[in-house]
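Read off the chains here:
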Amino acid sequence: MLPYLLLAPALFVVGAFFLVPLAFSVIGAFEGPQGPTFVNLANAASLYRMDLVFTLLIVVASTALTGLGAVAIGGYLTLGRSRTALRLLGAMYRWPLFIPFIVAAQAMRGFIGQNGLMNNTLVWIGLMPQEWAQSFLDWRGIVITFVWKQLPFATLLVAGAMAALDRSGIEAAQNLGAGRLRILIGIVLPQVARNIMVALVLSFVTMMSVLSVPMMISGQSPTMLTVAMAWRINSFGDYGTANALGLVSCILTGLVAWIWLRQAAAERAR
Amino acid sequence: MWWLPRGLLLGLFAFFVFGPLVNLVLWSVAESWFWPNRLPSQYGFRFWERVFRPEGQAMESLWLSIWIATLTTLLCLAVSVPAAWALAKANLRWRAAILLLFLLPQAFPNLPVYINIARIFFSFNLNGTVIGVVLVHAAHGLVYSIWIATAAFAAVDDDLELAARNIGAGAFTAFRTITLPLAAPGIAASAVFVFLESLDEFTASYFVGAPEVRTLPLLLFSAAAGGNMQVAAITALILLVPSVLFMLIVERFLRAEVLAKVGK
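Thresholds applied
Residues numbered from 1 in each chain as written. Chains lettered and ligands numbered in written order. Predicted model: local features only at pLDDT ≥ 70, side-chain atom pairs only at ≥ 80, totals over all residues. Axes fitted to C-alpha atoms, helices over the stretch in contact; angles between N-to-C directions. Helix = DSSP H or I, 4+ residues; strand = E, 2+ residues; numbered from the N terminus. Left-handed = near helix turned anticlockwise from the far one by under 90°. Contact = placed C-beta atoms within 7 Å. Nonpolar A, V, L, I, M, F, W, Y, C, P; charged D, E, K, R; others polar. UniProt positions renumbered as here; feature names shortened; annotations may be inferred. Core = buried A, V, L, I, M, F, W, Y, C linked by C-beta atoms within 7 Å. Buried ≥ 20, exposed ≤ 12 C-beta atoms within 10 Å, placed from the backbone. pLDDT = per-residue confidence, 0-100.

1. Section: the packing of helix α7 (residues 167–175) of chain A against helix α8 (residues 180–208) of chain A
Helix-helix packing is described using two parameters, namely the angle between the two axes and the distance between the axes.
Residues and elements named next belong to chain A.
Part 1 of the reasoning: Contact geometry of α7 with α8 gives a least axis separation of 10 Å together with a crossing angle of 145 degrees. Between α7 and α8 lies a crossing whose hand is right-handed. Here Gly169, Ile170, Ala173 and Gln174 of α7 lie close against α8, whose contacting residues are Ile183, Ile187 and Val188.
Part 2 of the reasoning: Residue composition of the contact of α7 with α8, grouped by class: five nonpolar, two polar and no charged.

In structure tokens:
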């Protein structure tokens with residue numbers, strides 16, 4: 001009995017300030033002025049179909065790029081030979097790890113704009129003419145900011161798993177004359193596939209619920225679902241449509257998590 | 001020339017990681033920066049003075065943010081230490097499910113939850129109050145304090161507590177003098193996680209706190225929306241410093257044997 005008493009306050013906090021409002025959100029998606037209805041979902045579908053596609057494209061692209069980057073950096077940290085390069089890379093990649101999204105967005109806003117520091121530097125070095133300078137403050141900016149912010153987290157998980165691998169398999173392949181890329185793809189990746197999946201699923205979910213980055217980087221339509229939800233609330237007080245959109249984004253992340261759990265279970269059964 | 005491609009790649013990566021941060025620093029000391037100047041044409045600390053004036057809005061927001069983060073951390077620790085001890089030491093049937101339950105706030109898109117909390121809080125007069133913001137931050141931060149504190153308690157050897165019991169210490173004395181001090185570094189690390197999470201939180205504060213409770217991230221947002229690049233950059237830098245410091249020292253806080261037990 002005692003252990004459950006000790007757990008009760010913590011369970012209350014999660015229950016009252018997360019589970020109950022989550023339930024309200026699901027119920028709210030089907031709530032109309034005259035009882036249960038599908039009008040909210042229909043509204044959400046007709047008004048925000050483009051935003052849904054836009055959100056998915058951005059988050060999928062960011063997740064994929066984050067995964068590629070994490071594997072590349074983790075792979076180099078595991079198989080690289082130059083001490084200096086390893087030390088430099090190891091010291092550099094973590095910096096954005098705990099930097100909040102809103103700070104990342106503000107930092108990027110000035111960096112990737114048309115006359116931002118990035119274009120200015122490239123023109124100044126002579127890598128591109130002034131006429132090529134264009135603003136990245138649209139969907140590309142959101143992707144860049146997401147990858148910048150999530151890459152350290154994913155890399156930390158992936159590189160950690162790679163470092164914990166048994167080196168004998170890698171050494172055996174090296175003795176047989178396999179190149180490093182071959183070793184990375186053939187030997188290292190299959191053993192850390194699960195860790196990569198965990199990093200990517202967590203990144204996917206995180207990016208789905210960020211409001212500040214799309215709001216600050218790109219104001220145009222189409223925009224991400226989070227901005228659409230905030231807009232429905234702040235401008236119209238329209239909780240029905242906002243909750244319907246919330247339901248859609250919960251189902252999306254739920255699907256991703258479910259696919260991952262199923263795969264993990266199948267692997268454990270093997 | 002064998003090092004050239006590697007050096008170029010590393011340089012490019014450094015540009016990608018540090019470029020945005022350099023941009024923030026430049027904006028914070030730019031008194032005027034207009035196109036076509038590639039760099040600010042006039043540097044100075046005028047905006048820093050304006051932000052750090054004692055009666056300025058930024059100082060007010062900074063103290064408010066620290067106050068909210070402190071309360072959130074205290075609340076999380078108060079409910080997590082007993083819960084984590086139960087999860088680590090008692091033989092619970094639903095242990096895995098309970099651990100997963102605390103992860104849920106991080107595993108679902110939060111925005112729909114926040115808008116409904118704001119609606120519920122409205123009827124309890126909790127909207128726009130410090131307590132309201134603290135409660136929402138705490139529900140979100142619990143996963144860190146519970147998971148890390150559970151791992152920290154699990155890493156303490158049961159025999160030590162048993163030995164204390166054998167020489168006559170009561171259950172609570174054994175916990176207070178043996179288990180708790182040994183788990184303290186892990187618990188401290190979890191407290192820093194919760195503190196930072198609350199300090200940096202934007203979305204929940206935006207729906208539950210604004211406009212009455214104006215935390216630092218909300219101030220950053222309104223400065224950025226109002227086009228005041230300098231004040232936005234300085235606010236961003238204030239939020240950036242603790243995050244980067246924590247990134248640099250976190251490994252010293254969290255020992256490997258605690259890390260290995262997180263989520264298990």
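Now that the structure is up, let's keep going.
2. Quick notes on the interface of chain A and chain B
Part 1 of the reasoning: With 56 residues of chain A at the contact, the number on the chain B side is 63 residues.
Part 2 of the reasoning: Those elements that provide at least two residues to the side of chain A that touches chain B are α1 (2–29), α3 (83–92), α4 (101–111), α5 (117–125), α8, α9 (212–217), α10 (225–236) and α11 (239–269) of chain A.
Part 3 of the reasoning: With 14 residues, α1(A) is the largest single contributor of residues to the side of chain A that touches chain B.
Part 4 of the reasoning: In terms of residue class, the side of chain A that touches chain B is made up of 41 nonpolar, 14 polar and one charged.

3. As for the UniProt feature "domain: ABC transmembrane type-1" (unreviewed entry) in chain B
Part 1 of the reasoning: Within this structure's numbering, the places UniProt gives as "domain: ABC transmembrane type-1" (unreviewed entry) are residues 62–250 of chain B.
Part 2 of the reasoning: Secondary structure across residues 62–250 of chain B comprises 83% helix and 0% strand; the distance between its end C-alpha atoms is 23 Å.

4. Details of the UniProt feature "transmembrane region" (unreviewed entry) in chain A
Residue and element names in this part refer to chain A.
Part 1 of the reasoning: In this numbering, the UniProt entry assigns the feature "transmembrane region" (unreviewed entry) to residues 52–79, 91–112, 142–165, 196–219 and 239–261.
Part 2 of the reasoning: For residues 196–219, the end-to-end C-alpha separation is 32 Å, with 79% helix and 0% strand making up the annotated structure.
Part 3 of the reasoning: Its end C-alpha atoms 32 Å apart, residues 239–261 is made of 100% helix and 0% strand.

5. Regarding the nonpolar core
Side chains that are nonpolar tend, in soluble globular proteins, to be buried together.
Part 1 of the reasoning: Residues Val158(A), Tyr114(B), Leu142(B), Leu220(B) and Ala236(B) are the most contacted members of the largest nonpolar core, which totals 159 residues.
Part 2 of the reasoning: Here the element with the most residues in this core is helix α6 (residues 130–154) of chain B; it accounts for 17 residues.
Part 3 of the reasoning: Aside from chain neighbours lying at most four places away, what touches Leu142(B) is Ala10(A), Val13(A), Val14(A), Cys76(B), Ser80(B) and Phe102(B).

6. Focus: the UniProt feature "domain: ABC transmembrane type-1" (unreviewed entry) in chain A
Part 1 of the reasoning: In the numbering used here, UniProt assigns the "domain: ABC transmembrane type-1" (unreviewed entry) feature to residues 52–260 of chain A.
Part 2 of the reasoning: Along residues 52–260 of chain A, the helical share is 77% and the strand share 0%, with 22 Å between the first and last C-alpha atoms.

7. So, unusual backbone geometry
All names here are of chain B.
Part 1 of the reasoning: Omega for the peptide link from Ala210 to Pro211 comes to 0 degrees, which places this bond in the cis form.
Part 2 of the reasoning: Inspection of the secondary structure assignment puts Pro211 in the loop between α9 (203–209) and α10 (216–225).
Part 3 of the reasoning: The backbone phi angle of Asn125 is positive, close to 60 degrees, even though this residue is not glycine.
Part 4 of the reasoning: Topologically, Asn125 is positioned in the loop between α5 (111–123) and α6.

8. Let's talk about the UniProt feature "transmembrane region" (unreviewed entry) in chain B
Part 1 of the reasoning: UniProt annotation of "transmembrane region" (unreviewed entry) refers to residues 7–30, 62–87, 99–122, 134–156, 177–196 and 216–249 of chain B when read in the numbering used here.
Part 2 of the reasoning: Along residues 216–249 of chain B the backbone is 91% helical and 0% strand, and the end-to-end C-alpha distance reaches 23 Å.

9. Describing the confidence of the model for chain B
Part 1 of the reasoning: Counting all residues, the mean pLDDT for chain B is 87, and 95% of those residues have values of 70 or more.
Part 2 of the reasoning: Among the prediction metrics, the complex's ipTM stands at 0.87, with pTM recorded as 0.90.

10. Focus on the environment of Ser221(A)
Part 1 of the reasoning: Relative to the assigned elements, Ser221(A) resides in the loop between α9 and α10.
Part 2 of the reasoning: Residues Ser221(A) and Met207(A), spaced 14 residues apart in sequence, show a C-alpha to C-alpha distance of 18 Å.

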